[in-house]
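Below, each chain spelled out in residue letters.
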Amino acid sequence: MIEKDNGHEHTGLGAEMKVLLREPPLLISIAAVFLLFATFIIYPFIKILLVPSAADWMRALTGREYLLVFGHTLFSSLTATTTAIIFGFIFAYGINYTHMPCKRFFQVVALLPTMAPSVVSGLAFIMLFGRRGFVTWNLLHLHVDLYGPFGLWAAQTIAFFPLAYITISGVLKSISPNLELAAQNLGARGWYLFRTVTLRLATPGIASAFLLVAINSLADFGNPMLVGGNYHVLATEAYAQVTGAWDMPMGATLSVFLVIPTLIVFFVQRYYLEKNSYVTVTGKPVSGLIRVTAGPMATRLLWVFCLFVSLIILLIIGVVILFAFTVAFGADYTFTLQYFKEGVIQSKVMVHSWVASMSTAAVTTVLGIALAFLTIRKRFPGRTAMDFLAMLPVSLPGTFIGLALILAFNDGPLELTGTLGIIILGMSLRQLPVGYRQAVAGLKQIEASLEQASTNLGANSFTTFRRIVLPMLKNSLSVSFVYAFMRSMNTLSTVIFLVSPEWNLASINIMSLANQGFLPTASATAVGIMLVIYVTFGIVKLILRDKINIFDL
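Residues numbered from 1 in each chain as written. Predicted model: local features only at pLDDT ≥ 70, side-chain atom pairs only at ≥ 80, totals over all residues. Heavy atoms only, no water.

Undergrad: Would you mind going over the overall build of the protein with me for this structure?
TA: Helix and strand content of the protein: 24 helices and 4 strands. A total of 553 residues make up the protein; the buried ones form 52% of that total. Contacts in the protein between residues at least 24 apart in sequence constitute 79% of all its contacts with a sequence separation of at least 6. When the accessible surface of the protein is totalled, it reaches about 25200 Å², and 67% of it is carbon and sulfur. (Helix = DSSP H or I, 4+ residues; strand = E, 2+ residues; numbered from the N terminus. Buried < 20%, exposed > 50% of the residue type's maximum accessible area, 1.4 Å probe, protein only. Contact = heavy atoms within 4.5 Å. Areas by Shrake-Rupley, 256 points an atom, 1.4 Å probe, with all protein chains shown as cover.)

Undergrad: I keep staring at the packing of helix H5 (residues 103–115) against helix H8 (residues 149–174) and nothing clicks. Help me out?
TA: Relative to each other, H5 and H8 sit at 125°, their axes nearing to 8 Å. Here H5 lies oblique to H8, going by the angle between them. Note on packing geometry: the crossing formed by H5 with H8 is left-handed. Across the interface between the two elements, Gln107, Ala110, Leu111, Pro113 and Thr114 from H5 touch Ile158, Phe161, Pro162, Tyr165 and Ile166 from H8. The class makeup of the residues in the contact of H5 with H8 is 8 nonpolar, 2 polar and no charged. (Axes fitted to C-alpha atoms, helices over the stretch in contact; angles between N-to-C directions. Parallel < 35°, antiparallel > 145°, perpendicular 65-115°, else oblique. Left-handed = near helix turned anticlockwise from the far one by under 90°. Nonpolar A, V, L, I, M, F, W, Y, C, P; charged D, E, K, R; others polar.)

Undergrad: Hey, could you run me through the environment of proline 261 in this one?
TA: Within the secondary structure layout, proline 261 lies in helix H13 (residues 248–276). For proline 261, a relative accessible area of 12% corresponds to the buried category. Residue contacts for proline 261: discarding those within four places in its chain leaves Phe70, Leu74 and Leu218.

Undergrad: Hey, could you run me through unusual backbone geometry in this one?
TA: Leaving glycine out, the prevailing phi sign among residues is negative, and the prevailing peptide bond configuration is trans. Here cysteine 102, not a glycine, exhibits a phi torsion of approximately 70°, which is positive. Turning to its location among the elements, cysteine 102 is positioned in the loop between helix H4 (64–96) and H5. Residue classification places cysteine 102 among the partly exposed residues on the basis of a relative accessible area of 41%.

Undergrad: Sorry, what's going on with the packing of helix H16 (residues 349–377) against helix H17 (residues 383–391) here?
TA: To describe two helices that pack against each other, one gives the angle between their axes and the distance between the axes. Contact pair H16 / H17: the axes reach a minimum separation of 9 Å and the direction vectors enclose 145°. Of the two possible hands of crossing, H16 and H17 adopt the one that is left-handed. Of the residues in H17, those touching H16 at Leu371, Leu374 and Thr375 are Arg383, Met386, Asp387 and Ala390. The class makeup of the residues in the contact of H16 with H17 is 4 nonpolar, 1 polar and 2 charged.

Undergrad: Would you explain a nonpolar patch on the surface in this entry?
TA: On the surface, a cluster of nonpolar side chains totalling about 420 Å² of accessible area is made up of Val535, Ile539, Leu542 and Ile543. Within the secondary structure layout, isoleucine 539 lies in helix H24 (residues 519–544). (Patch = residues over 30% accessible without salt bridge, like charges linked within 9 Å, V, L, I, M, F, W, Y side chains within 5 Å. Salt bridge = Lys/Arg side-chain N within 4 Å of Asp/Glu carboxyl O.)

Undergrad: How should the side chain of aspartate 220 be read in this particular structure?
TA: Inspection of the secondary structure assignment puts aspartate 220 in the loop between helix H10 (190–219) and helix H11 (222–227). Comment: no salt bridge for buried aspartate 220; closest opposite-charge side chain is arginine 487, at 8.5 Å. A polar atom in the side chain of aspartate 220 sits 3.1 Å from the side chain of asparagine 223. Residues in contact with aspartate 220, not counting those within four places in the same chain, are Gln156, Phe160 and Ala235. (Lys, Arg positive; Asp, Glu negative; His and termini not counted. Polar contact = N/O pair within 3.5 Å; in protein donor to acceptor, adjacent residues only side chain to side chain.)

Undergrad: When you look at the packing of aromatic side chains in this model, what are you seeing that I'm missing?
TA: For any pair of aromatic rings, the description rests on two quantities: the centre-to-centre distance and the angle between the ring planes. Scanning all chains against the criterion turns up 22 aromatic pairs. Geometrically, the ring pair formed by phenylalanine 125 and phenylalanine 129 is tilted, given 5.7 Å between the ring centres and 50° between the ring planes. Note that phenylalanine 125 and phenylalanine 129 are positioned in helix H6 (residues 120–129) at a spacing of 4 residues, about one turn of the helix. Take phenylalanine 125: its relative accessible area is 7%, and that puts it in the buried class. For phenylalanine 129, a relative accessible area of 27% translates into the label partly exposed. (Phe/Tyr/Trp six-rings, centres within 6.5 Å; stacked < 30°, edge-to-face > 60°.)

Undergrad: Can you walk me through empty space enclosed by the protein in this structure?
TA: The probe, sized like a water molecule, is rolled over the atoms to show the empty space still left. Within this structure, the stated rule accounts for 1 cavity of 30 Å³ or more. A volume near 30 Å³ is recorded for the largest cavity. Lining of the largest cavity is provided by Thr73, Ser76, Ser77, Gln156, Ser217, Leu218, Asp220, Pro224 and Val233. Within the residue set of the lining of the largest cavity, elements represented by two or more residues are H4 and H10. It is H4 that provides the largest number of residues to the lining of the largest cavity, a total of 3 residues. Here the residues of the lining of the largest cavity sort into 3 nonpolar, 5 polar and 1 charged. (1 Å grid on protein atoms, 1.4 Å probe; cavity = no way out; pocket = protein on both sides within 12 Å on 5 of 7 lines; lining within 4 Å. Points joined across faces, edges and corners; volume = space filled by probe spheres on them.)

Undergrad: Hey, could you run me through the confidence of the model for the protein in this one?
TA: Atom-level detail of predicted coordinates should not be read off regions where pLDDT is low. Within the protein, residue pLDDT values average 82, and 83% of them lie at 70 or more. When the criterion is pLDDT under 50, residues 1–10 qualifies, and its contacts beyond four places in sequence or with other chains add up to 18 contacts. Note on residues 277–288: pLDDT is under 50 here. Beyond four places in sequence and across chains, it has 17 contacts. (pLDDT = per-residue confidence, 0-100.)

Pasting the structure below:
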């Protein structure tokens, strides 16, 4: 905040504190936010760091089995991230740089995995290529075991491909055709034009996508649990130490180890994007300019590739649906609703997931816009710290967050273990950065002078926020709400330690059923989650109509 006195501007800590003291509601709001962060972020994270002893750290650092698990985690994440980025870039380039047919179809199909539970790719891999898989056993009559690093690589590549595609597509769309047209006028063509101009402009976006996918693959829990076999990674090993060996200190140690690479990736991403974000944005395309597109041969090859990827995604979604609604897919193809009744209609887990996800979406949307308003529009001591704490959970693995919350709120005045509250808390921490960044993006598109005019007319910060800011952020809020709801319905790693017999969730039930061999019921539960998400999207689209384009990527 800047104060003016006799034409002179006064800035600094003193001026900021004077403004806060003149607006008690603003001061109370800021204090409340820091109290929430201290209670639900800082305290749990300090708690988990204090659980391991020096002997536990030494055992984790020197034990061959733990070093091997750490190596598995880095290797599987690197390989899956690399292929997901390659697939995502080729797919995004085909969508944005060609006039291929069926582009709208490809766009919609590419986003389907984001609306399915995170374990669907692993579940489909088991049903297609497992020891009794439809392809390996029923069609090819092969006695093969594809569990392990290969199965994990395949499942994670498909699971995180949409994330890479969405990120890279947004960057490619923002590139102005000016430079490409200028290079073409100077004689650059084909591969040379792509390599020297387009690829270089897209490099920061590719790096951003790589780092984002790497964070998610490092923290992935469901796919390693289902198809990893004896190929253990840190997320599953930490879970096994806590629930199998009852070794809470070692589970906490391994969870902290998992944070190290994700935090490194997080800080590298922040530094790189802040330093290089200007490279890919050269201004809005000038009216009349047409983007340079790929040639006929390249267009045909890209169309074949997009079709291939789309068919794989449809195969994965399709086999889950077929297992859910046939008596015994591969042996008895009789249609049945029995598994759907067991997994969805007669089970409470779907209702639990819906209640928890709706609550999480509401909390993260409201808190996200409040945090964005404070950090973007106000000046106060600790503003940078507030921004950092709001974004920090995006870099933390779900198993780390869940275990930290269990350790922090297992007793004492805030005993939340086994309740719906701790599940909503874990989900909200995980989704808060998304709601916050969405609100920040929306606020930056609103002219600050509108709020200044409200202040000049006598309104305080709270009134300005309620009467001026909120009505202009309806679209950002709706997108944040829908996305948080979708991700919360599908979440697994964050809540694996938080669920209880009284409050179990559909995503956890899918993994449990699949591990016990009840693949049809697990598939039906996955279909139920997707149906709930699609219905939610349909209602939002019906209400907002053209104000939101869910598939426009």
